[in-house]
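# Examining the three-dimensional arrangement
Here is what each chain is made of, one letter per residue.
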Amino acid sequence: MENTENNFEPTVPENAGVNFQSRLDLAPLLDGVEKIKKEIETVIVGQHKMIDQLLVAILSNGHILIEGVPGVAKTITAKILAKTISVDFSRIQFTPDLMPSDILGTSVFDLKKSEFEFKKGPVFSNLVLIDEINRAPAKTQAALFEVMEERQITIDGTTYILDKPFIVLATQNPIEQEGTYRLPEAQLDRFLFKINVDYPILEEEINIIQREHTLQNHGKLDNIQSILSGEKIKAYQELVKQIIVEPHLLEYIAKLVVNTRENAFLYLGASPRASIAILNAAKGFAAIRGRDFVTPEDIKEAAIPVLQHRVIVTPEREMEGLTSVEIIKQIIESIEIPR
């Protein structure tokens, strides 16, 4: 989407002089972000927008849904990202026969102690990759509701708090229908971003083939370096929360979201959770751009990945080929940008 406003400046008191130095020390965060990008780009060709969105979601403490056809490096990107961060990582391959206990864990009777002992499932981690999330049935998908929203799990009357950071990266294939189960709206709403991964262009495709030929017997992840610790991620997440947002920009976010509820082309609009998601994501975009304040461009950049999976196009418009992304772009263009 083209930028339509490049002259926005934060409100500055008259007695503030001309010193626009950042009020937050974002230098370590920016250094970490750039190093992670370089590590990812040693393997992944192009997809710069996707990488930025992944990093913003991590900094905003939000879950990520990556959608794309098979073979566009969804899973490998998530695995590389996990390797650049020194946290516990687990991968869960969703299948039609997967049970909730396979994810969350289960109580096992210990004969020696004559009591039940809870065996934690793979979701007890910091970064959880769920591959092909739409291949598991509804009851297994529903097992993720509590853990994604509240970062805790309640089993047999006992609540287990997950260690921070806790982020779910899920992938799904939008093409296949057989053996898949559509994600319910309640679960989609728990993802901060839905990231669409497109095919590479010709030059990128050539680069991909060349890199694969050069690798020979070496693994793609062999030389990936760990950049940030879990403690630093938590510290940066707290720092991003302090990014300044002017009141008129908060109103701008609210107008965007409310317009989705009033739009004639949408059967279902976005909830207040979407407003909060745009706010948090806009702060993340500001941070990776080196600013301690949010601009309208940050909000516009956050709006599509935040809203596209939270709204439902009316059947009539869907039959005409109109997508949620196109409608959201129309909404963004229809609302006056605050100055």
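Residues numbered from 1 in each chain as written. Predicted model: local features only at pLDDT ≥ 70, side-chain atom pairs only at ≥ 80, totals over all residues. Heavy atoms only, no water.

Time to look at the overall build of the chain. The helix and strand inventory of the chain stands at 14 helices and 13 strands. What you see for the chain is a C-alpha radius of gyration of 21 Å, in line with the 20 Å of a compact globule of 339 residues. In terms of overall dimensions, the chain has a C-alpha envelope of 75 × 50 × 50 Å along the principal axes. The 339 residues of the chain split such that 50% are buried. Restricting the contact set of the chain to residue pairs at least 6 apart, pairs at least 24 apart contribute 79%. When the accessible surface of the chain is totalled, it reaches about 17600 Å², and 51% of it is carbon and sulfur. Side-chain charges of the chain comprise 36 positive and 49 negative groups, with the mean position of each set lying 4 Å from the other. (Helix = DSSP H or I, 4+ residues; strand = E, 2+ residues; numbered from the N terminus. Rg over C-alpha atoms; globule rule 2.2 N^0.38 Å. Buried < 20%, exposed > 50% of the residue type's maximum accessible area, 1.4 Å probe, protein only. Contact = heavy atoms within 4.5 Å. Areas by Shrake-Rupley, 256 points an atom, 1.4 Å probe, with all protein chains shown as cover. Lys, Arg positive; Asp, Glu negative; His and termini not counted. Charge placed at Lys NZ, Arg CZ, Asp CG, Glu CD.)

On to the nonpolar core, then. The biggest cluster of nonpolar side chains holds 75 residues, and the ones touching the most others in it are Leu169, Phe193, Ile299 and Leu307. By residue number, the principal contributor to this core is helix 11 (residues 272-288), which donates nine residues. In this structure, Leu104, Met148, Ile155 and Phe166 belong to the second largest nonpolar core, which totals 26 residues. (Core = buried A, V, L, I, M, F, W, Y, C linked by side-chain atoms within 4.5 Å.)

What follows concerns the side chain of Asn263. Tracing the backbone through its elements, the reader meets Asn263 in the loop between helix 10 (247-262) and strand 12 (266-268). At 2.8 Å, the side chain of Asn263 and the backbone nitrogen of Phe265 are in polar contact. Residues contacting Asn263, with those up to four places away along its chain left out, are Ile327 and Ile331. (Polar contact = N/O pair within 3.5 Å; in protein donor to acceptor, adjacent residues only side chain to side chain.)

Take the pattern of salt bridges next. Inspection of the entire model under this criterion finds 20 salt bridges. Put simply, Glu132 and Arg135 hold a salt bridge, and the shortest N to O gap is 3.8 Å. Grouping residues by exposure puts Glu132 and Arg135 together as buried. (Salt bridge = Lys/Arg side-chain N within 4 Å of Asp/Glu carboxyl O.)

This brings us to the sheet that holds strand 1 (residues 63-67). If you walk across this open sheet you meet the five strands as 3-6-9-1-10, and the pairing is parallel. This sheet does not close on itself; its edge strands, each paired only once, are strand 3 (89-93) and strand 10 (191-196). Going from strand to strand, the sheet's axes swing by 15° on average, the running direction of each strand aside. (Pairing = 2+ DSSP bridges. Axes fitted to C-alpha atoms, helices over the stretch in contact; angles between N-to-C directions.)

Now for helix 14 (residues 324-334). Listed as buried for helix 14 are Ser324, Ile327, Ile328, Ile331 and Ile332. On an axial view of helix 14, the arc spanned by its buried residues comes to 140°, and they lie on one face. With respect to the buried face of helix 14, the exposed residues turned more than 90 degrees away are Glu333 and Ser334. Buried residues belonging to helix 14 abut helix 10, strand 12, helix 12 (296-307) and strand 13 (312-313). (Arc of directions from axis to C-beta.)

In this structure, Leu239 sits in helix 9 (residues 230-241). Looking at Leu239, the relative accessible area reads 16%, which means it is buried. For Leu239, the contacting residues outside a window of four places in its chain are Leu24, Asp25, Leu26 and Leu29.

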